[in-house]
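Below are the chains, spelled out letter by letter.
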Protein chains: 2
Amino acid sequence: MEQVDIFKALSNKTRLQILEWLKEPAQNFPDQEHAGYENGVCVGQIQAKAALTQSTVSEYLSILQRAGFVQSTRVGQWTYYKRNEEAFAKLSKIIKSNI
Amino acid sequence: MEQVDIFKALSNKTRLQILEWLKEPAQNFPDQEHAGYENGVCVGQIQAKAALTQSTVSEYLSILQRAGFVQSTRVGQWTYYKRNEEAFAKLSKIIKSNI
DNA sequence: AAGATATATCGGGTTTTCCCGATATTTAGA
DNA sequence: TCTAAATATCGGGAAAACCCGATATATCTT
């Protein structure tokens, strides 16, 4: 993954919003309460909130995952996505000193 | 300037490279020695190193400036661009805590 | 004032991104 | 094993970004 692709992943309003939402899963996705939030939030919940099609949201999550900002866990027929805070810390450092 | 436009400004290899070059003006632009580096580096020097057309480089610098990453100073017929380190520090913090 | 130099702006062809609908894949349950 | 549900992948039209050449603007020199 090249530097520029990291920034491309963040160059979209919806993707930035998804990352924000995932900071507070319980508050932003109360409908998923029954399943808990240990593994993050499933695609369907994110899609409903983003108000885009399922395919688009799935692709966006894939882009964020390739860039390292989220990680996914498959549980049955659901795929849960949660933030990978290390990636943000790493990028923060890079911007502070390398760029 | 919206968050997403900050990242769009960084979503291009050449623009990232320009920002890197401007970290060490004397080393990366030795041909400008006579004029000093207090105000940064002039467009022509950056253009030569980037190997893109003058219009493209001028536009790229404008994009970086709108995003706050560089600031310009006009001296005679030259426009000098230098890094604005505050913008990087600010973005670093935002990524660490806000995004 | 006229010509030369440096930079900015404009118009547009090419490439990439956005976002969709259709379809394929994976897993659960009857 | 058949159907349903959740997600991933594919193909493509529309919008945006890339990058160019041509031209406009600003400043310097003569």
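Described in the following lines is the structure provided in the data block. What you see is a predicted model; the values in this text were computed from it and never measured.

1. Overview of the environment of Ala89(B)
Residues and elements named next belong to chain B.
Piece 1. Secondary-structure assignment places Ala89 in helix H6 (residues 85-97).
Piece 2. On the basis of relative accessible area, Ala89 is assigned to the partly exposed category, the value being 38%.
Piece 3. Ala89 sits 53 residues away from Gly36 along the chain, and the two C-alpha atoms are 25 Å apart.

2. Some points on unusual backbone geometry
Residue and element names in this part refer to chain A.
Piece 1. A positive phi is found at Ala51, a non-glycine position, where the angle reads about 60°.
Piece 2. Its place among the elements puts Ala51 in the loop between helix H4 (43-50) and helix H5 (54-66).
Piece 3. What makes Ala51 exposed here is its relative accessible area of 65%.

3. A closer look at the pairing of strand E3 (residues 78-83) of chain A
Residues and elements named next belong to chain A.
Piece 1. Taken together, the two bridges between strand E1 (residues 41-42) and E3 define a ladder with antiparallel strand orientation. Counted as the bridge partner of Cys42 is Tyr80 from E3.
Piece 2. Pairing of strand E2 (residues 70-75) with E3, which is carried by six bridges, proceeds in the antiparallel orientation. Paired with Thr73 across the two strands is Tyr80, which belongs to E3.
Piece 3. Between the end of E2 and the start of E3, which pair antiparallel, lie two residues, with Gly76 showing a positive phi angle near 65°.

4. Section: the nonpolar core
Piece 1. One finds Phe69(A) and Phe69(B) to be the most contacted residues of the largest nonpolar core, which totals 60 residues.
Piece 2. Every residue in contact with Phe69(A), bar those within four places of it in the chain, is listed here: Ile6(A), Ala9(A), Leu10(A), Leu19(A), Leu64(A), Lys82(A), Arg83(A), Asn84(A), Ala87(A), Phe88(A) and Leu91(A).

5. What to know about the pattern of salt bridges
A side chain with one charge can pair with a side chain of the opposite charge if their charged atoms come near.
Piece 1. Tallied over the full model, the rule gives four salt bridges over all chains.
Piece 2. Ionic pairing is found between Lys13(A) and Glu2(B), a salt bridge with its closest N-O pair at 3.0 Å. With Lys13(A) in helix H2 (residues 13-21) and Glu2(B) in the segment before helix H1 (3-9), this pair bridges two chains.
Piece 3. Here Glu2(B) falls in the partly exposed class, since its relative accessible area comes to 42%.

6. Considerations on the protein's contact with DNA strand C
Piece 1. Neighbouring DNA strand C are 23 residues, the closest being Tyr60(A), Gly44(B), Ser55(B), Ser58(B) and Gln77(B).
Piece 2. Close to the protein, within 4 Å, the atoms of DNA strand C are drawn from sugar and phosphate at a rate of 62%.
Piece 3. The side chain of Ser55(A) places a nitrogen or oxygen atom 2.9 Å from a base oxygen of DNA strand C.
Piece 4. One of the side-chain N or O atoms of Gln77(B) is found 2.7 Å from a base oxygen in DNA strand C.
Piece 5. Listing elements by their share of the surface near DNA strand C, those giving two or more residues are H5 of chain A together with helix H4 (43-50), helix H5 (54-66) and strand E3 (78-83) of chain B.
Piece 6. By residue number, the principal contributor to the surface near DNA strand C is H5(A), which donates four residues.
Piece 7. In the surface near DNA strand C, the residues fall into six nonpolar, 13 polar and four charged.

7. Comments concerning the packing of aromatic side chains
Piece 1. Under the defined criterion, the tally for this structure stands at five aromatic pairs over all chains.
Piece 2. For the ring pair Phe69(A) and Phe88(A), a centre distance of 5.0 Å and an interplane angle of 40° mean the geometry is tilted. On the criterion of sequence distance, the pair formed by Phe69(A) in the loop between H5 and E2 and Phe88(A) in helix H6 (residues 85-97) is long-range, its members being 19 residues apart.
Piece 3. The class of Phe69(A) is buried, set by a relative accessible area of 1%.
Piece 4. Here Phe88(A) falls in the buried class, since its relative accessible area comes to 2%.
Piece 5. Taking the ring centre of Tyr60(A) as reference, the NZ or CZ of Arg15(A) above it sits at 4.9 Å.
Piece 6. Between Arg83(B) and the ring centre of Phe88(B), over which it is positioned, the NZ or CZ distance is 4.1 Å.

Rules of the game
- Residues numbered from 1 in each chain as written.
- Chains lettered and ligands numbered in written order.
- Predicted model: local features only at pLDDT ≥ 70, side-chain atom pairs only at ≥ 80, totals over all residues.
- Heavy atoms only, no water.
- Helix = DSSP H or I, 4+ residues; strand = E, 2+ residues; numbered from the N terminus.
- Buried < 20%, exposed > 50% of the residue type's maximum accessible area, 1.4 Å probe, protein only.
- Pairing = 2+ DSSP bridges.
- Core = buried A, V, L, I, M, F, W, Y, C linked by side-chain atoms within 4.5 Å.
- Contact = heavy atoms within 4.5 Å.
- Salt bridge = Lys/Arg side-chain N within 4 Å of Asp/Glu carboxyl O.
- Near = heavy atom within 4 Å.
- Polar contact = N/O pair within 3.5 Å; in protein donor to acceptor, adjacent residues only side chain to side chain.
- Nonpolar A, V, L, I, M, F, W, Y, C, P; charged D, E, K, R; others polar.
- Phe/Tyr/Trp six-rings, centres within 6.5 Å; stacked < 30°, edge-to-face > 60°.
- Lys NZ or Arg CZ within 6 Å of the ring centre and 35° of its normal.

Interpretation in functional terms is not warranted from these geometric data alone.
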